[in-house]
Amino acid sequence: MLDVSYRKAKVEDFPGILNLIRTSFDGVLRAHGFYESSPFASSKLPAVPQQGFPWFEMGLKEDGEGFWVAEVEGKLAGLTLSWVRGSLWYLAHLFVSPEHQGFNIGQNLMERAMKHHKGVIITNRALATFAYNPVSISLYARYGIYPREPLYWMEGASKHVKTQAASKVRNERITNFESGRKTLSHIDELTIGYPREKNHEFLIGLPTVRCHLFSTGNQPVGYAYVWQNGRVGPLATVSHEEFQ
Ligand SMILES: CC(C)(COP(=O)(O)OP(=O)(O)OC[C@H]1O[C@@H](n2cnc3c(N)ncnc32)[C@H](O)[C@@H]1OP(=O)(O)O)[C@@H](O)C(=O)NCCC(=O)NCCS
């Protein structure tokens, strides 16, 4: 048996956590034959993120109770990060290093993360995982979390992306979270059923992404985040007719 210890994550862990996520995920990609083609393979990612670790910093600040690491002989062997927004619990990360997989570390981390709910009643537990990964899918099913909705990774050269310039829709960039807070939260309430202010505050503060609010007349109809590398999302709309 392995001697595994569990503790809350600390700032000093961030570089090691990133490394562990990449190594663990590379293992999944290799096992399923996607390593060469995947944009998530570590060989395609910058060695040290230029912007530091803002995502982990937010996790520690807002959701420290859901941010755990596992250690074996003083070395990082696994981590999990979950966050809570309203009655939603979301598992953002669960990774165990390849050499430590199959020793119950994943289950032990999952159990710690699931206790993170800040006293509110959780009515929905969600996460996104890869359809080709039976180990993670079956682990989540054991906790009552079943595949519900397929998500697709869509990609195309921007010169081939056709837009329908909808003349009625106005586009305004939001650079300050406070100025957009109410409108963004209202759109979230209507579309996903709960506000996710922390996520907006985090995204609007990043130098690599722009938040656009779309309106017809004075009526906000949606928002979209557009990244420097061309990625789009999160995106939400309350009007399918206006927002194509
Ligand atoms: C998914 C993951 C977190 C599970 O953690 P783990 O510590 O390996 O899993 P555990 O030891 O807690 O075992 C959980 C169950 O999965 C099974 N399992 C673990 N690794 C397995 C493998 N390679 N093949 C088949 N079953 C496996 C275990 O046998 C156990 O089931 P059991 O109790 O019936 O025996 C880990 O394998 C991992 O990091 N994988 C790569 C990254 C990943 O897929 N993360 C999830 C992305 S959302």
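What counts, and where the lines are drawn
- Residues numbered from 1 in each chain as written.
- Predicted model: local features only at pLDDT ≥ 70, side-chain atom pairs only at ≥ 80, totals over all residues.
- Heavy atoms only, no water.
- Salt bridge = Lys/Arg side-chain N within 4 Å of Asp/Glu carboxyl O.
- Helix = DSSP H or I, 4+ residues; strand = E, 2+ residues; numbered from the N terminus.
- Buried < 20%, exposed > 50% of the residue type's maximum accessible area, 1.4 Å probe, protein only.
- Near = heavy atom within 4 Å.
- Polar contact = N/O pair within 3.5 Å; in protein donor to acceptor, adjacent residues only side chain to side chain.
- Areas by Shrake-Rupley, 256 points an atom, 1.4 Å probe, with all protein chains shown as cover.
- Pairing = 2+ DSSP bridges.

1. Observations concerning the pattern of salt bridges
In the structure shown here, the tally under the stated rule is eleven salt bridges. Residue Arg85 is joined to Asp63 by a salt bridge in which the shortest nitrogen-to-oxygen separation is 3.3 Å. In this pair, Arg85 sits in strand E3 (residues 75–85) while Asp63 sits in helix H2 (residues 54–63), placing the two residues 22 residues apart along the sequence. The class of Arg85 is buried, set by a relative accessible area of 5%. Here Asp63 falls in the buried class, since its relative accessible area comes to 2%.

2. Remarks on the site of the ligand
Contacts to the ligand come from 20 residues, most closely from Val96, Asn104, Gly106, Asn133 and Arg142. The backbone of Gly102 places a nitrogen or oxygen atom 2.9 Å from an oxygen atom of the ligand. Here Arg142 contributes a side-chain N or O atom positioned 2.9 Å from an oxygen atom of the ligand. Relative to its unbound accessible surface of 910 Å², the ligand loses 70% to contact with the protein. Contributions of two or more residues to the shell around the ligand are made by helix H1 (14–31), strand E4 (88–96), helix H3 (105–114) and helix H4 (134–142).

3. Overview of the side chain of Ser82
In this fold, Ser82 is placed in strand E3. Here Trp89 takes part through its side chain, which lies 3.4 Å from a polar atom of the side chain of Ser82.

4. Things to note about the pairing of E3
In terms of burial, E3 is largely enclosed, as ten of its eleven residues are buried. The hairpin formed by strand E2 (residues 67–72) and E3 contains two residues between the paired strands, and Glu73 there has a positive phi angle of roughly 50°. Pairing analysis gives eight bridges linking E3 to E4, with the strands arranged antiparallel. In the sheet register, Arg85 faces E4, and the bridge partner there is Leu88.

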